[in-house]
Each structure stands twice: as C-alpha cells, then as structure tokens.
Amino acid sequence: MEAGAECDSENLVGVMCSYDMGWQKRGKAHNSSTGHGAVLGVATGKVLDFATRNKTCRTCTASKRQNKPTPHDCRRNHCGSSKIMESDVACEHFKRAPARGIKYDKYIGDDDSTTFSHLKTNVPYGLEKISDFIHTKRSLNTRLYNLSQRQKFPNSSVLSQKVVNYLVKCFAYCVHQHKNQPEELAKAIQCIVPHAFGDHNKCDILWCRYKQNPTEYTHHELPYGKDLHGSCLQQALQDLFSEYASPTVASKLAPCLDSQRNESLNGTIGSKNLKIRHYGGSESSDFRTACGVAQHNEGHNFVCKTLIKTGINPGPHCTSYQQKQDQKVSADKQRKATKKFKIRRRQLRLNRIQSTVRNENREGLSY
Ligand SMILES: [Zn+2]
Ligand SMILES: [Zn+2]
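Asks: What's the story with the overall build of the chain in this structure? I'm lost.
Replies: Along the backbone of the chain there are 14 helices and five strands. Oriented by its inertia axes, the alpha-carbon framework of the chain measures out at about 80 × 60 × 45 Å. Relative to its 367 residues, the chain shows a buried fraction of 25%. Within the chain, counting contacts between residues at least 6 apart in sequence, those at least 24 apart form 60% of the total.

Pasting the structure below:
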C-alpha cells in the first residue's frame, strides 16, 4: 500500500496505476486472437491484476466439425473485435477492485481515449487520467516531423531532425524539472520556442544558460549553435507548444509518469508466449501469460516457489539457475540506471540517426 494512503467514505483506498494491453501477434496486433491486459501499481511496479482474452478454441472447433461435444478446459471468452478487448479488460479490472478494498482512481494510459470513455461510463467511482509521458513525447516528435514535411516556411530555419530533437529534448527537460507543478510547467512550456529563437525575456535563470552567461552562450544542439529564425516557423511552433501549455493538458502532464513497466511486462510475457507461435487455441496461452506475470512480480524464482507450493522440492540446478538469472537482472538494472550509461545510450542513438540521414541523402529517392 502506498504511504499516506487514505480511505474514502466507502472504505476504499485510492491506488495510482497504469493499464495497458498486449497482443500475441506481430504487426497489426488489433486483429489478434489473443490478448492480455494488466494493471500495475505505480508505487510498487507490480502487477495488481491481469486477465486474458481468447477468441479461438481448437477443441471447440474440432468438436463442432465432428458434431460430438468433448469436455475440455475451454478458454474462449471473447467474441467481437480485438480492439474492444482493451476497454473490456480494463472495465473488468476497474470494476472488481472495490471487492479487494481498493479503487484505481488515477490511471496512466496512452492517448487513445476509447478505453477511458468506457471506464468513465462503467466504473462506479470517479477516476482521473494522467498522460503517459513517453507517449506524449513520441507524439510531439511525430507532430513536429509532420509539420516539417507538410508545410513550407519561407525565409526560416529548416525544421530538420536535429531541430526537432532539440525541441523535444527541451520539452522533456521542462516536464521533468516542473514535476507536480502544473502552473509553472505551463509557463515554462511557453518559453521553449522563444528561447530557441533567441528571445530570453521570459526564461528562468535556473535552466536558461543564456541568462546565466549571455556573452558565451550558444545553443550547442541547434545547427551551428545559432538561434532559429523566421516568423512563420516561430508562429507554427508556438501554436503547437501552446496546446501543451493549456491548464488541462499541463495538469495531466505534470505528474510525469509513464507506463514503461507495462511494456516491460509485455516483454516478459512475450518471452514465454511467443508471437511467432500460436498458443491461443488452447489453455497454453493463458498459462504462459500467468508465468510472465509471476516472473514480473517474483523474479525468476517464481519457478521454485511454484514447485514448493505444489509439493515438489526444486532440485539444486533449478535453484542455482534461478538465482543466477535474478542476479543478472538486478545487475543489469543497476548498470542501466547510471548516468554514464544514459549518456552513452543517447550518444549512440544520435550517431545512428546521423548515419541514417547521411545514407538517405547519398542514396537519394529510393522509392
Ligand atoms: Zn473450447
Ligand atoms: Zn533562454
């Protein structure tokens, strides 16, 4: 339970969570025949609830063909489109939470609003949606890219990939620095574009290096370290960033949370329930998903724990292998959290982008 959590009038504790759905299919996942949805607590990062949806059952199909019913562990529990699975599973989780004394009153979700509107109409308690910061960042990147492709800006700087990266990075810094301060965040977002165009009047001395040292300042991530120029470009960018500075959007952005842990869970489940195999026709898919959830919550040791629960003593090889796997995971986690690693990762990413741009320029139009 979160520290300082309080009960409401109906004796329910509010839990902040993230919800996402994964599909066992590559490419167009929205026509997948199986899917799993999970609710993760933000404070603990553990799976609080999960459920699966299966559209097919091989045994049912076979017995229909042969016209004789076979008793079996049927896992078919969904008909209709795969898109509806996401909101269907979400409603199931959110509705059954009060039975366990909790309610998911704050939830992090992607920008897709269908799930949220379904939740709003079906869930008996009030809930609030927080923007997934990674999704927002990605969509800002796409919007800037589209702007650079669709519109021409005469007498202005080129809105190149480098400039887009710079603006997105400023935006990310801005949100991180004004965590849980929606009003200051809104003001700071309004400063990003003027700052890039060399107007530092409203900048804060805390982050604006021009204000700290006006004589030696250059934008070291903009082309040639120069300010951007051109009033049409500035206006278009300012319009775009102003949308993020509106009070409603800023208050959703301010907690600065994301659902990356759901992605990591989907990865773990994907390593058990392979996308290139079809397990959805039997109970296998459900068991594999459950294993993935167990590994996410308990670590690799879940195998030993399960064996002990069923009355089997795990052998020495099993135990030592699980321990080694868990050690590896925690060492990896520590390494990836260091500043050195993050700087290196960013540098490698920039190198990759640069070499792509160089190659594309050399190859010319290829389709
Ligand atoms: Zn069946
Ligand atoms: Zn500035």
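Next comes the rest of the write-up.
Asks: Even after reading the chapter, I still don't get unusual backbone geometry, so can you show me in this structure?
Replies: For residues besides glycine, phi is generally negative; the peptide bonds are generally trans as well. Although it is not a glycine, Asn 155 sits at a positive phi angle of roughly 55°. Mapped onto the fold, Asn 155 is located in the loop between α4 (133-150) and α5 (161-177). For Cys 256, which is not glycine, the phi dihedral falls at a positive 55°. Among the secondary structure elements, Cys 256 is positioned in the loop between α9 (247-253) and α10 (260-272). Residue classification places Cys 256 among the partly exposed positions, given that 17 C-beta atoms sit within 10 Å.

Asks: What should I look at first to understand the pairing of strand β2 (residues 34-41) in this one?
Replies: Regular strands place side chains that alternate from one sheet face to the opposite one. The buried fraction of β2 is high, at seven of eight residues. Pairing between strand β1 (residues 13-23) and β2: seven bridges, direction antiparallel. Paired with Ser 18 across the strands is Leu 40, a residue of β2. Inspection of the sheet shows β2 paired to strand β3 (residues 47-54) by seven bridges, in the antiparallel sense. Bridge pairing in β3 places Ala 38 opposite Phe 50. The antiparallel hairpin formed by β2 and β3 contains five residues in its connecting segment, where Gly 45 sits at a positive phi of about 80°.

Asks: Hey, could you run me through the sheet that holds strand β4 (residues 102-109) in this one?
Replies: Hydrogen bonds between backbone groups are what pair the strands of a sheet, and the pairing can be parallel or antiparallel. Pairing is mixed across the open sheet formed by five strands, whose spatial order is β3-β2-β1-β4-β5. The sheet terminates laterally at β3 and β5 (128-131), the two strands that pair on one side only. In this sheet, neighbouring strand axes are inclined to one another by 30° on average, regardless of whether the strands run parallel or antiparallel. Relative to β4, β1 is paired through five bridges, and the arrangement is parallel. Along β4, the bridge assignment pairs Ser 18 with Ile 108.

Asks: Where do I start with the domain arrangement of the chain in this structure?
Replies: In terms of domain boundaries, the chain breaks down into domain 1 (13-131), domain 2 (134-256) and domain 3 (299-353). Summarising the inter-unit geometry, the C-alpha centres of domain 1 and domain 2 are found 37 Å apart. At the interface, five residues of domain 1 touch six residues of domain 2. Partitioning the side of domain 1 that touches domain 2 into residue classes produces one nonpolar, one polar and three charged.

Asks: Quick question: what am I supposed to make of helix α2 (residues 83-96) here?
Replies: A turn of α-helix holds 3.6 residues, and therefore any two residues three or four places apart point the same way. Of all the positions in α2, only Met 85, Glu 86, Asp 88, Val 89, Ala 90, His 93 and Phe 94 are classed as buried. If you follow the buried residues of α2, they end up packed against β1, β2, β3, β4 and α3 (114-122).

Asks: What exactly am I supposed to notice about the pairing of β4 here?
Replies: Bridge count for β4 against β5 is four bridges, and the pairing is parallel. Opposite Lys 106, over in β5, you have Glu 128 as the bridge partner.

Asks: Would you explain the packing of α5 against helix α6 (residues 182-196) in this entry?
Replies: The relative placement of two packed helices is expressed as an angle between their axes plus a distance between the axes. Running from N to C, α5 and α6 cross one another at 155°; their axes reach a closest spacing of 10 Å. Here α6 runs roughly antiparallel to α5, going by the angle between their axes. Note that α5 runs across α6; the crossing there is right-handed. Facing α5, whose interface residues are Leu 167, Cys 170, Phe 171, Cys 174 and Val 175, α6 presents Leu 185, Ala 188, Ile 189, Ile 192 and Ala 196. Here the contact of α5 with α6 is composed, by residue class, of ten nonpolar, no polar and no charged.

Asks: I tried to follow the nonpolar core on my own but got confused; where do I start?
Replies: A general feature of soluble globular proteins is that nonpolar side chains tend to end up buried together. Core analysis: the biggest nonpolar cluster contains 25 residues, and Leu 167, Cys 174, Leu 185, Ile 189, Ile 192 and Leu 253 have the highest contact counts within it. Only α4, α5, α6, α8 (231-244) and α9 provide two or more residues apiece to this core. Among the elements that make up this core, the one with the highest residue count is α6 (eight residues). When residues no more than four places from it in sequence are discounted, the contact partners of Leu 167 are Leu 144, Ile 192 and Ala 196. Listed in part, the 22 residues of the second largest apolar core include Leu 40, Ala 51, Ala 97 and Val 293.

Asks: Can you walk me through the packing of α2 against α3 in this structure?
Replies: Axis separation between α2 and α3 bottoms out at 9 Å; the angle between their running directions is 40°. If you check the angle between α2 and α3, you find them oblique. As α2 packs across α3, the resulting crossing turns out to be right-handed. From α2, Glu 86, Ser 87, Ala 90, Cys 91, Phe 94 and Lys 95 reach across to α3, where they touch Thr 114, Thr 115, His 118, Leu 119 and Asn 122. Taken together, the residues of the contact of α2 with α3 break down into four nonpolar, five polar and two charged.

Asks: Mind showing me how you'd approach the environment of Arg 150 here?
Replies: Secondary-structure assignment places Arg 150 in helix α4. Between the C-alpha atom of Arg 150 and that of Ala 51, which follows or precedes it by 99 residues, the distance is 42 Å.

Rules used in this analysis
Within every chain, residues take consecutive numbers counted from 1 along the sequence as written. Chains carry letters and ligands carry numbers; both start at the beginning, A for chains and 1 for ligands, and go up in the order they are written. Local features are withheld for residues below a pLDDT of 70 in this predicted model, meaning they are given only at 70 or higher, and side-chain atom pairs are given and counted only at 80 or more; totals for whole chains, interfaces and linings count all residues. Elements are defined by DSSP. Helices are runs of H or I of four residues or more, strands are runs of E of two residues or more, and each kind is numbered from the N terminus. Burial is judged by counting other C-beta atoms within 10 Å of a residue's own C-beta: 20 or more means buried, 12 or fewer means exposed, and anything between counts as partly exposed, with every C-beta placed from the backbone. The contact rule is simple: place each C-beta atom from the backbone, and if two of them lie within 7 Å, those residues are in contact. Two strands qualify as a pair provided that DSSP identifies no fewer than 2 bridges between them. Whenever a helix is involved, its axis is fitted only over the stretch in contact; in every case the axis is a line through C-alpha atoms, and angles between N-to-C directions fall within 0 to 180 degrees. Residue ranges for the domains trace back to a domain assignment, done automatically or taken from a database. Under the scheme applied here, ten amino acids are nonpolar (Ala, Val, Leu, Ile, Met, Phe, Trp, Tyr, Cys and Pro), four are charged (Asp, Glu, Lys and Arg), and all others, including Gly, are polar. For classification, angles of less than 35 degrees are called roughly parallel, those exceeding 145 degrees roughly antiparallel, those between 65 and 115 degrees roughly perpendicular, and all remaining angles oblique. Here is the rule for handedness: rotate from the far helix to the near one, and if that takes an anticlockwise turn smaller than a right angle the crossing is left-handed, while a clockwise turn gives right-handed. For our purposes the nonpolar core covers buried Ala, Val, Leu, Ile, Met, Phe, Trp, Tyr and Cys residues that link as a set through C-beta atoms within 7 Å.

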